[in-house]
Structures are given as C-alpha cells and as structure tokens.
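Letter by letter, the chains look like this.
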Amino acid sequence: MIQRIVKLAIDPHTDAGDEFRAIFERSKEKIAQQPGCAGVRLLQSERHFFTYSLWRSEADLNAYRESALFGSVWPETKALFYNKPEAWTCQLIDGSAE
C-alpha cells in the first residue's frame, strides 16, 4: 500500500477555499471508487488543504492520475492555487491505529 499526500496552496478561509470544498465533496466518492483506491480524506491547516489517499500500488495511483476524472478535477482545483502544490508518495509501513 502507498499513501499520497498532497499539500494544496488554497486558503481555507477564502472563496477559493469554499470552491475547493465543493469540488472535493462532489469528487471524493468517485475518487474512492477508482481501482486500487482504499480511501481519500481532506484535511486543512490555517493556510492549506491536504488530500490524503491510500492506494494499493503506485500503478493504481498513476492510472487514476491519467483518468478522465483526474483530468476534470485537477484543472478546476489548480485554478484556485496561490502557490505551487507539493506532493509525496509514501510506502505505508505500519497501518495499525494507536
């Protein structure tokens, strides 16, 4: 399993933040239904949103990133950025909850 963490430069306290919440809300179930996706979550800090998704493999993540769904969601999201996003793909080492 891998986890994908994306830091989105969208201020949660602005109209752009409201727009992004709407994009995420209408897309999250479709993303979660992509082959190999074990779930997607939205987090926020004072000046950023973060998406956290869990994937069976990097090949599954890459297939999603090449899908029509990503092709429609990403440009809409990207238009809201005030700075470049950052992303990390990490190998899940321990999946237990403490």
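These lines cover the structure that appears in this document, whether it is placed above or below. Not measured: the values here are computed from a predicted model.

This part covers the sheet that holds strand S4 (residues 86-91). Read across the open sheet, the 4 strands follow the order S2-S3-S1-S4; overall the sheet is antiparallel. If you trace the sheet from one side to the other, it starts and ends with strand S2 (37-44) and S4, each paired once. Here the strands of the sheet are splayed against their neighbours by 15° on average, with no regard to which way each runs. Strand direction decides the pairing type here: S2 and strand S3 (residues 49-55), joined by 7 bridges, are antiparallel. If you follow Gly39 over to S3, its bridge partner there is Leu54.

What counts and how
Residues numbered from 1 in each chain as written. Predicted model: local features only at pLDDT ≥ 70, side-chain atom pairs only at ≥ 80, totals over all residues. Heavy atoms only, no water. Pairing = 2+ DSSP bridges. Helix = DSSP H or I, 4+ residues; strand = E, 2+ residues; numbered from the N terminus. Axes fitted to C-alpha atoms, helices over the stretch in contact; angles between N-to-C directions.

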